Amino acid sequence: MTLRLADVLADPDLSLRLVDGALAALNRPVRWVAVTELADPRPFLSGGELVLTTGLSQRTVRAQREFVARVAEGRAAGLGFGIGLSHDRIPGGTLAEARVHGLPVLEIPYETPFIAVDRFVADRILEAQYGRFADLLDEHDTLAKSLLSGRGLGALIESLHQILGAPAMVLDVYGGMLATAPSSAAWPVEQILFAARSPAAGRRDQTSILPITVEDTVEAYLCCRRPRRSADVLPYAVSLVGLELARRRAELAGKRRLAGQVLEDLVRGLIGGPEAERRLAPFGIRATDEHALLVASVAAADGRRLLGAPPLTGATTAVVEDCLIAVLEPGQPARDVAMLLHAHLSRHGDPARVGVGGWYTGMTGLRWSYYEAHEAMTRGAGINEREQMSLSGLLLASEDVPLRDLARDVLRPLRLFDAEHGGSLVETLRAYLDTNGSVAAVAERLIVHRNTVRYRMEQIEKLTGRSLAGTADRVQLWLALAATRLDTD
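Residues numbered from 1 in each chain as written. Predicted model: local features only at pLDDT ≥ 70, side-chain atom pairs only at ≥ 80, totals over all residues. Heavy atoms only, no water.

## Structural notes on the side chain of His87
Part 1 of the reasoning: Counting through the fold element by element, His87 comes out in the loop between strand E4 (78–82) and helix H3 (92–101).
Part 2 of the reasoning: According to the relative accessible area criterion, His87 is buried, its value standing at 12%.
Part 3 of the reasoning: Of note is the side chain of His87, whose polar atom sits 3.0 Å from the backbone oxygen of Gly55.
Part 4 of the reasoning: The residues contacting His87, other than those within four sequence positions of it, are Thr54, Gly55, Gln58, Gln64, Phe81 and Gly82. (Helix = DSSP H or I, 4+ residues; strand = E, 2+ residues; numbered from the N terminus. Buried < 20%, exposed > 50% of the residue type's maximum accessible area, 1.4 Å probe, protein only. Polar contact = N/O pair within 3.5 Å; in protein donor to acceptor, adjacent residues only side chain to side chain. Contact = heavy atoms within 4.5 Å.)

Below is the structure:
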């Protein structure tokens, strides 16, 4: 409980008397006691002190008024004047200036030493602090028990609401409300997110917004609207919310790994449809439903952070190698989910890539949607919609076919030649195949003479042992270039 000037005045052992001042002023809190005989005590006041003086240096009316004015300017709670030493009674100049500033003046009798007042205030403040510490420990215990009750984040925020006497909410960084109490409270989510991301912009309301970090990344915000009491419990509440979000992340990461293993086995053909259906059922993926897959990745992505992907409504997420997979439930807006995934991955690397597969039923449909999404993802940064799947695209999407290894073997002589001689054989081969074997078009694209192109083509055939005139050899070289492009995109 806050110590107020009225409490000091009411103690019978001190025998203090209010000489001047409105009764309402006695509700001022007293933070400490300051004893001074200085003409200007302002450098030693921080606000809320009960200033005690005997008026030793206040012999004139001017000095008395200046002293009181400076005490009031220092935001003191009140002035205690000790009589019987320098003055037999409180000087008129002191009382007159105190009225001007609305500063309460207490008379301290000769029999009451200043140290008694000082000790009384110190003891009461310490008692209040110890009492607050005990209350704070009880509040910490209440919050911890709520979190451990099995009712999770909702119970924790409900207890916090009761402790603060104000609405409280946890909002994730994407604008999703994870918990709120009371449930009827309305929150301006967009304004809160803007204020959280741009603190310099300021806020018109009095909502406290505290960031919650998990593994050094801000994952959510604890919001509290005008707490009426116990606001010092908020840092502990932030820690508990962070622990719960970390637990959820770990649980979700485990589920993603399990779901990813099943999907990977299905895509690679290691398990059949019935087995995949049985193992995917616990994740809410049923063969009778229509599903679409998203495949997302980011350059130099940290796998640990990928496991911490955003919570997606209406989707089961999984991790397959360095890619994040989202299996959408029927009716979910694939484009919106893809945008959310892209925004998440863009926080951890650049460039982020998301491929969108088509909607199909059954376990075979999952495989086909995966291949479409994976092929779309490899086309470059951003969100890529599916295209009609080709045989070559299907081969390149399959992990079972070692195309990348074969491609490196096919193109190795050309890459070695280019490295040793500063040549452009790989670039020339790519241009030749892209232009359907037109020497003139290659010469124009690379800005070289046509004879130079022809010489390079002879070098390519000699080094690779393949003929550019033969369809089979052309297909092999084109697939090799397409496969190696996936490694560099």
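Still to come is the rest of the account.
## With respect to unusual backbone geometry
Part 1 of the reasoning: Following Ala181, the chain continues to Pro182 via a peptide bond in cis, the omega torsion being -5°.
Part 2 of the reasoning: Following the sequence through the fold, Pro182 ends up in the loop between strand E7 (177–181) and helix H5 (189–197).
Part 3 of the reasoning: Phi is positive for Ile447, close to 60°, though the residue is something other than glycine.
Part 4 of the reasoning: Mapped onto the fold, Ile447 is located in the loop between helix H14 (439–446) and helix H15 (450–464).
Part 5 of the reasoning: Judged by relative accessible area, which is 75%, Ile447 ranks as exposed.

## Thoughts on the packing of helix H2 (residues 61–73) against H3
Part 1 of the reasoning: Between H2 and H3, whose axes approach to 8 Å, the crossing angle comes to 35°. Relative to H3, H2 is oriented so that their crossing is right-handed. Contacts from Val61, Gln64, Arg65, Val68, Ala69 and Ala72 of H2 reach H3 at Gly93, Thr94, Ala96, Glu97, Ala98, Val100 and His101.
Part 2 of the reasoning: Among the residues making up the contact of H2 with H3, the classes are represented as 7 nonpolar, 4 polar and 2 charged. (Axes fitted to C-alpha atoms, helices over the stretch in contact; angles between N-to-C directions. Left-handed = near helix turned anticlockwise from the far one by under 90°. Nonpolar A, V, L, I, M, F, W, Y, C, P; charged D, E, K, R; others polar.)

## Points about the UniProt feature "domain: Purine catabolism PurC-like" (unreviewed entry) in the protein chain
Part 1 of the reasoning: Taking the numbering used here, the UniProt-annotated feature "domain: Purine catabolism PurC-like" (unreviewed entry) corresponds to residues 7–125.
Part 2 of the reasoning: Counting secondary structure, residues 7–125 comes out at 33% helix and 18% strand; the distance between its end C-alpha atoms is 11 Å. (UniProt positions renumbered as here; feature names shortened; annotations may be inferred.)

## A word on the sheet that holds strand E5 (residues 105–108)
Part 1 of the reasoning: One open sheet accounts for 5 strands, arranged E1-E5-E4-E3-E2; its pairing is mixed. At either margin of the open sheet sits one strand with a lone partner, and together these are strand E1 (17–20) and strand E2 (32–35). For this sheet, the mean inter-axis angle between neighbouring strands, taken without regard to orientation, is 30°.
Part 2 of the reasoning: Both E4 and E5 contribute to a ladder of 4 bridges, which runs parallel. (Pairing = 2+ DSSP bridges.)

## Some thoughts on the sheet that holds strand E9 (residues 217–225)
Part 1 of the reasoning: An order of E7-E6-E9-E8 is seen for the 4 strands of this open sheet, with the pairing classed as antiparallel. The two strands at the open ends of the sheet, each matched to only one other strand, are E7 and strand E8 (207–214). Each adjacent strand pair in this sheet contributes to an overall mean axis angle of 20°, direction not counted.
Part 2 of the reasoning: As judged from the 4 bridges shared by strand E6 (residues 168–172) and E7, these two strands associate in the antiparallel manner. Across the sheet, Ala168 pairs through a bridge with Ala181, a residue of E7.
Part 3 of the reasoning: Sheet strands in contact with H5 are E6, E7, E8 and E9, and its direction is about 70° off that of E6.

## Here we look at the environment of Ala292
Part 1 of the reasoning: Looking at the element boundaries, Ala292 is found in strand E10 (residues 290–298).
Part 2 of the reasoning: The spacing of Ala292 and Glu264 is 28 residues in sequence and 16 Å in space, taken between C-alpha atoms.
Part 3 of the reasoning: The residues touching Ala292, leaving out its near neighbours within four places in the chain, are Ala326, Val327, Leu328, Gly357, Gly358, Trp359 and Ser369.

## Some words on the packing of helix H4 (residues 114–164) against helix H6 (residues 234–267)
Part 1 of the reasoning: At a closest axis distance of 11 Å, the pairing of H4 and H6 adopts a crossing angle of 150°. Judged by the inter-axis angle, H4 sits roughly antiparallel to H6. Where H4 crosses over H6, the handedness of that crossing is left-handed. Across from His140, Leu143, Ala144, Leu147, Gly152, Leu153, Leu156, Ile157, Leu160 and Leu164 in H4, the residues of H6 making contact are Leu234, Tyr236, Ala237, Leu240, Val241, Glu244, Leu245 and Arg248. (Parallel < 35°, antiparallel > 145°, perpendicular 65-115°, else oblique.)

## Notes on the UniProt feature "domain: PucR C-terminal helix-turn-helix" (unreviewed entry) in the protein chain
Part 1 of the reasoning: Here, the residues flagged by UniProt with the feature "domain: PucR C-terminal helix-turn-helix" (unreviewed entry) are residues 425–483.
Part 2 of the reasoning: Along residues 425–483 one finds 78% helix and 0% strand; the C-alpha atoms at either end are 17 Å apart.

## Focus on the pairing of E6
Part 1 of the reasoning: Of all 5 residues making up E6, 5 are buried, and the element is well covered by its neighbours.
Part 2 of the reasoning: In E6, alternate side chains face the same way, and those of Ala168, Val170 and Asp172 on one face and Met169 and Leu171 on the other are all buried.
Part 3 of the reasoning: The hairpin formed by E6 and E7 contains 4 residues between the paired strands, and Gly175 there has a positive phi angle of roughly 95°.
Part 4 of the reasoning: Taken together, the 5 bridges between E6 and E9 define a ladder with antiparallel strand orientation.

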